[in-house]
Amino acid sequence: MSALRWGHGASGLRRALWPAGRPGLAAEEVLEARVRQLQAECVSEVTVKRVGVARLRAPGKTQRRAEGAAGRTSGRWAQKLDEEKWTLQKRKQRLDVKLQGHAQPEACERALRVLPRLLDARLACHLELGEPREPHSRWEEKLVRLLHKTPREPSRKAEQAPQAGAALARLEVQQHRLLAFLDCCLRTGHLPLAHHVLVTHHGRARQQQQLTLAMYNVVLLGWARKGSYKELLYVFFMVKDAGLTPDLLSYAAALQCMGRLDQSTATIQRCLNQMGQDGLKLQELFTSVPLCQEERALVLRAVRKVQPTFRPPPPPQCPPQVNTSPLLREIYATSEPVSYPKLHLPLEKLQSLFQEQLRVEMATTVPVESVEKARVLTKEVLQARETLKQLRTEWAQALCLGLQDMKASEARAAHTGRPSLFPFLCVLTEEEMAELLLQTLQVLPPQGESLLSLAQQLGMRVFNRHMVQRKQLSSQVQALQQRYYRYLHLLASDTQVAAPHLPRQYWEALGPPEAPHEQPWPLPVLVELGKRLAELLVETVRIPGSLAAPQGACTLIPVLYHVYSFRSFRQIGILKPHPAFTELLAAAAEHTLIFEAAEVPMLCPPLPWTSPHTGAFLLSPTKLMRSLEGTMQHQRLLDSCPPAELHGALDALTQLGNCAWRVNGRVLDLVLELFAAKGCPRLGVPAPPSEAPRPPEGRLPPDASPAQKAEVRRELARCLKVAREMHSLRSDALYRLSLAQHLRHRVFWLPHNMDFRGRTYPCPPHFNHLGSDLARALLEFAQGRPLGPHGLDWLKIHLVNLTGLKKHEPLQARLVFADEVMDDILDSADRPMTDGSCNGLQHYAALGRDSIGAASVNLLPSDFPQDVYSGVAAQVEVFRRQDAQRGVRVAQVLEGFISRKVVKQTVMTVVYGVTRYGGRLQIERRLRELSNFPQEFVWEASHYLVRQVFNSLQEMFSGTRAIQHWLTESARLIAQTGSAVEWVTPLGIPIIQPYHRDSKVMIGGGIQSLTFSNSGDTTQKPNTLKQKNGFPPNFIHSLDSSHMMLTALHCYRKGLTFVSVHDCFWTHAADVAVMNQVCREQFVHLHSQPILHNLSRFLVERFCCSSRSLKHPKDSWISKLQDTLKAVPETGAFDLEQVKHSTYFFS
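Residues numbered from 1 in each chain as written. Predicted model: local features only at pLDDT ≥ 70, side-chain atom pairs only at ≥ 80, totals over all residues. Heavy atoms only, no water.

For the protein chain, an unreviewed UniProt entry supplies the name DNA-directed RNA polymerase, mitochondrial and the organism Canis lupus familiaris. Recorded in UniProt under Subcellular location (unreviewed entry), the annotation for the protein chain is "Mitochondrion". What UniProt records for the protein chain under Catalytic activity (unreviewed entry) is the sentence "RNA(n) + a ribonucleoside 5'-triphosphate = RNA(n+1) + diphosphate". (UniProt positions renumbered as here; feature names shortened; annotations may be inferred.)

(A) Fine view of the overall build of the protein chain. Broken down by element type, the protein chain carries 46 helices and 21 strands. Within the protein chain, the fraction of its 1147 residues that count as buried is 51%. The contacts in the protein chain between residues at least 6 apart in sequence include a share of 75% that link residues at least 24 apart. (Helix = DSSP H or I, 4+ residues; strand = E, 2+ residues; numbered from the N terminus. Buried < 20%, exposed > 50% of the residue type's maximum accessible area, 1.4 Å probe, protein only. Contact = heavy atoms within 4.5 Å.)

(B) Spatial organisation of the environment of Gly1030. One can find Gly1030 in helix α42 (residues 1024-1053). The residues contacting Gly1030, other than those within four sequence positions of it, are Gln993 and Tyr995.

(C) Examining the packing of aromatic side chains more closely. Scanning the model with the defined rule gives 21 aromatic pairs in all. The interplanar angle of 40 degrees and the centroid separation of 5.7 Å between the aromatic rings of Phe748 and Phe767 together place this pair among those described as tilted. Of this pair, Phe748 sits in strand β11 (residues 748-749) while Phe767 is found in the loop between β13 (760-762) and α30 (773-777), placing the two residues 19 residues apart along the sequence. Note on accessibility: Phe748 and Phe767 belong to one class, buried. An aromatic cluster is built from Phe354, Tyr484, Tyr485, Tyr487 and Trp507, whose rings are joined through pairwise contacts. The cationic tip of Arg730 hangs over the ring face of Phe675; the distance from NZ or CZ to the ring centre is 3.6 Å. (Phe/Tyr/Trp six-rings, centres within 6.5 Å; stacked < 30°, edge-to-face > 60°. Lys NZ or Arg CZ within 6 Å of the ring centre and 35° of its normal.)

(D) Geometry of the environment of Gln976. Looking at where Gln976 falls in the secondary structure, it is placed in helix α41 (residues 958-976). Ignoring anything within four residues of it in the chain, the contact list for Gln976 reads Thr1024 and Trp1117.

(E) Representation of the pairing of strand β19 (residues 1010-1013) within the structure. Burial along β19 is one-sided: Leu1010 and Phe1012 are buried, while Thr1011 and Ser1013, pointing the other way, are not. Sheet topology note: the strand β18 (residues 1000-1003)/β19 ladder contains four bridges and is antiparallel. Bridging from a neighbouring strand, Ile1003 pairs with Leu1010 of β19. Between β18 and the antiparallel strand that follows it, β19, lie six residues; Gly1005 among them carries a positive phi value of about 85 degrees. (Pairing = 2+ DSSP bridges.)

(F) Molecular detail of unusual backbone geometry. The phi dihedral of Thr364 is positive, around 70 degrees, even though this residue is not glycine. Within the secondary structure layout, Thr364 lies in the loop between α16 (347-363) and β1 (365-369). For His745, which is not a glycine, the phi torsion comes out positive at approximately 70 degrees. For His745, the location among the structural elements is in the loop between α29 (706-742) and β11. Looking at His745, the relative accessible area reads 73%, which means it is exposed.

(G) Focus on the nonpolar core. Of all hydrophobic cores here, the largest spans 136 residues; its most connected members are Leu618, Leu859 and Phe1035. Top element by residues in this core is α42. It accounts for 11 residues. With 120 residues, the next largest nonpolar core counts Phe181, Leu232, Cys257 and Leu285 among its residues. (Core = buried A, V, L, I, M, F, W, Y, C linked by side-chain atoms within 4.5 Å.)

(H) How the structure looks around the confidence of the model for the protein chain. Overall, the prediction assigns the protein chain a mean pLDDT of 81, with 82% of residues at 70 or greater. In the predicted structure, residues 1-74 sits below a pLDDT of 50 and forms 64 contacts with residues beyond four places in sequence or in another chain. (pLDDT = per-residue confidence, 0-100.)

(I) Examining the pattern of salt bridges more closely. The final tally for this structure, using the stated rule, is 36 salt bridges. Between Arg714 and Glu711 there is a salt bridge; the shortest N-O distance is 2.9 Å. Taken together, the residues span about one helical turn, with Arg714 and Glu711 both in helix α29 at a distance of three residues. In this structure, the salt-bridge partner of Glu929 is Arg926, at a minimum N-O distance of 2.8 Å. According to the relative accessible area criterion, Glu929 is partly exposed, its value standing at 45%. Residue classification places Arg926 among the buried positions, given a relative accessible area of 16%. (Salt bridge = Lys/Arg side-chain N within 4 Å of Asp/Glu carboxyl O.)

(J) Examining the sheet that holds strand β10 (residues 660-663) more closely. What the three strands build is an open sheet, ordered β11-β10-β14; its pairing is antiparallel. Edge positions in the sheet fall to β11 and β14 (779-781), since each has one partner strand and no second. Looking at chain direction, β10 and β14 are connected through three bridges and run antiparallel. By the bridge assignment for β14, Val663 is matched with Leu779.

(K) A look at the state of the cysteines. In the structure shown here, the tally under the stated rule is zero disulfides. There is no disulfide at Cys184, and the cysteine sulfur nearest it, in Cys185, is 6.7 Å away. (Disulfide = S-S within 2.5 Å.)

Next up, the structure:
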């Protein structure tokens, strides 16, 4: 409460108590008591406010004398007049203070708190109140006494009772936000503000519970870098007051400050002694604490003042860690010869490509010419472009002013002790932030975008640009260039290295690990920051109303407006551009698209993955494991995993990213011709919006029936839906084709990462080989290979496979057919790709050693390829005939309609967890596509067929269904004990299912309150239904990715070019025979491991140990879980070695 408000409260109280006795006496006593109370709480604040109280007290005395005189002369009306004048005077003072605060926000800086308020009375007595005037040596002694003599209290946090899941989740959100605020203050030069917020939280018992040692350490390190010993001491007092024990980083900050100030030997010695008493070793300061070179030198300077002969321990020279998995033993064996492939480019060319990529990432954005047909530069087009240019100049200026006001507002909020957005707004200049916002406005689709999605994108873009700038300002870029140039000797065509290495191994041998990564800002911070920036766009960016209505007024109207719309039965807020702005963009027909640097393929080989935080792009931050923003559980698992256990995944991702690509120019020319015309949806080229269906024209007659009106509404909704879908497809194709044209005649690379199951994906989202047939047709390997003796045969087989005409024929018959139609396929593109035969069922059949199932999915040698979908359809037909003979009506209706196509999708997705409900919907869609099937029986027939499909699969794949049931039941019981399902893939990747009950986070205020789910952390209860339904398909996906990675690593070891799209493997036609052999060998090698028994043992150790059972009083659940996990399904007699001789295993 400010001094002015005290005066106002005292004056009102004085008037209320005046008739009871001496005028004003009670008010003075109350006011003085309030001052004494505040003095006891925090003298550092009251020293300023005492002046305000004194100033108000003098007029009070004058007023009392005036009141006494007035009582004798003029009566009570004079008293009332004086009171009103006094009230108006105080209001004016309050207004002046408020205006001064708005006009001079820098004045708030002087009010930042430095002196902490300690809750422990024994500690408070050691810290004198008020601004000290002691010599510097006394402050040195205070720190030593504080570390040495003050008894260490147990942490209050440890003594607290365990919090409920929701409360703990909220606490974690608050802690992550506060830590990010303090860290960002440090990085943007606002250390006093960080100290002020820390002091404010520490002085309030309830808020102090949010503080962690990491937060105190952030501020400690900041004061150490400035050499501010007194402020550093204040933070140490707060650490002790919170019941926390300083760690290595805390002592490193203290010693750094001592080294910077060249303090006394005795002080440093006692600090080191106390550090030893706390169980911390001096050598670990130089091996376990992330310090820059300057900080390390200052710590060493302080230590050597006490121990002149001290030498920091050298970097550990232990031999490099090697993965010990039996599946990878051959990959990392050094005794056998290897022939790792090299790129086709010389060293000098690769170095120049590195420089180009570095410039791209330092610019953070990439301008790309659009492939949309350029309009003729008419007078109208030129005028529209000039109008846009003028408007953007005005918008940039207005946004800069708006950002200044927003910063001032957030700074005032931070001065109240709240971790506001202020430091996050300071990571970029106002001009850079305005440019980012205008780029976002440029690409906003006409139908708008949800405010939540837009806010998250804006927040992430600000963070990514901040990270790139930080790397530029440090010495990281220069060090990266030197290391990368040496790394290129491994890849270049004209250089040799002493011994063959995998890229990751060679990179690690070139120097120490990279600098510690910076944690991304918490999701609530990203969303709130993006929301405020989006609202600034809405408030600031305006166009003349004459653009919308030529005859209208010349007032300014917003470019963006906020509306609500229903999407999937949910009402969401959307920001939509004004139609006048959309029309202005269309009239200007600007020919440039802007992409973020990480959205475009790389111009040089990616950095090898060496850790969960390091790899792929040169500067742009990239996750090893992609996940929903805000999820931390996957990252925690990866960080806690021994580095060697991730080597298989790291090396496989690096190998996939090292494949060089180029654009197939002939295919691109053909597609661009179709795109510039009216598209060709049959060939995957979307039509332009002009081809969208038009809503019905004209108005309904006044006497139209409700049914007619409903029909018109349905038709209008259908047209709008189709138009939106067409615009989305057209935009996707525009981005892909524009990037393809931009990269024509260039060599480029696609860095890879993986999802939580281990499945791999290219990082650039718009142009890669994971898209449709059109996307794949645009790409080809940058380095060609001769077809060799058998390559042409494999190319013919691949082309025939694409036609789908000879799926059930042996390979020799496909070759004969290819020769017969050779004249028609000589123009075909070379796209060598192979595909697994119902890959999920192959893994299930191998896990269960199921001979019948193995034969159905081509694990057994056969002269003809087996088709599991036709087999299931045949079995369903057997069941149908039996039921028809018994008089079942729906079975009789289905005669002649059961085909491979009707059951294929359900059979394919059963292995990935589709339910009977989902399977029925799939079959219903297939039946509705049959024009001659009686539609009145669709619902009944789909119910009947899905039941028979499941029965057929149970009969044909009994082992598969048993394993699926065991996985499902295990996951259900694990989730009911309060945990998410975890496992480790055969290649050592730790997996956790991210299915938890939603924890809602709300960001209020502004044009709309945003509520989003934060369902990705282990503090929340698991979603049992999603955990049990997701475990079987996710486990199979993890086996599928393990098989792909093993194949990739062994192909690389043999010198092959290899990439994949999940279970589709690509290589040169000349190398298909070698890849086929490797693919089969690694499938057998993978399934020769006791996968299910290893899984059972891991789950028992993880979820059934005694320490966990203490948390779950219902011991019966743990006992039932343990019994279920140990009851591993029995396996059959199928011999895995037969897979090596199966021609159609992958075909």
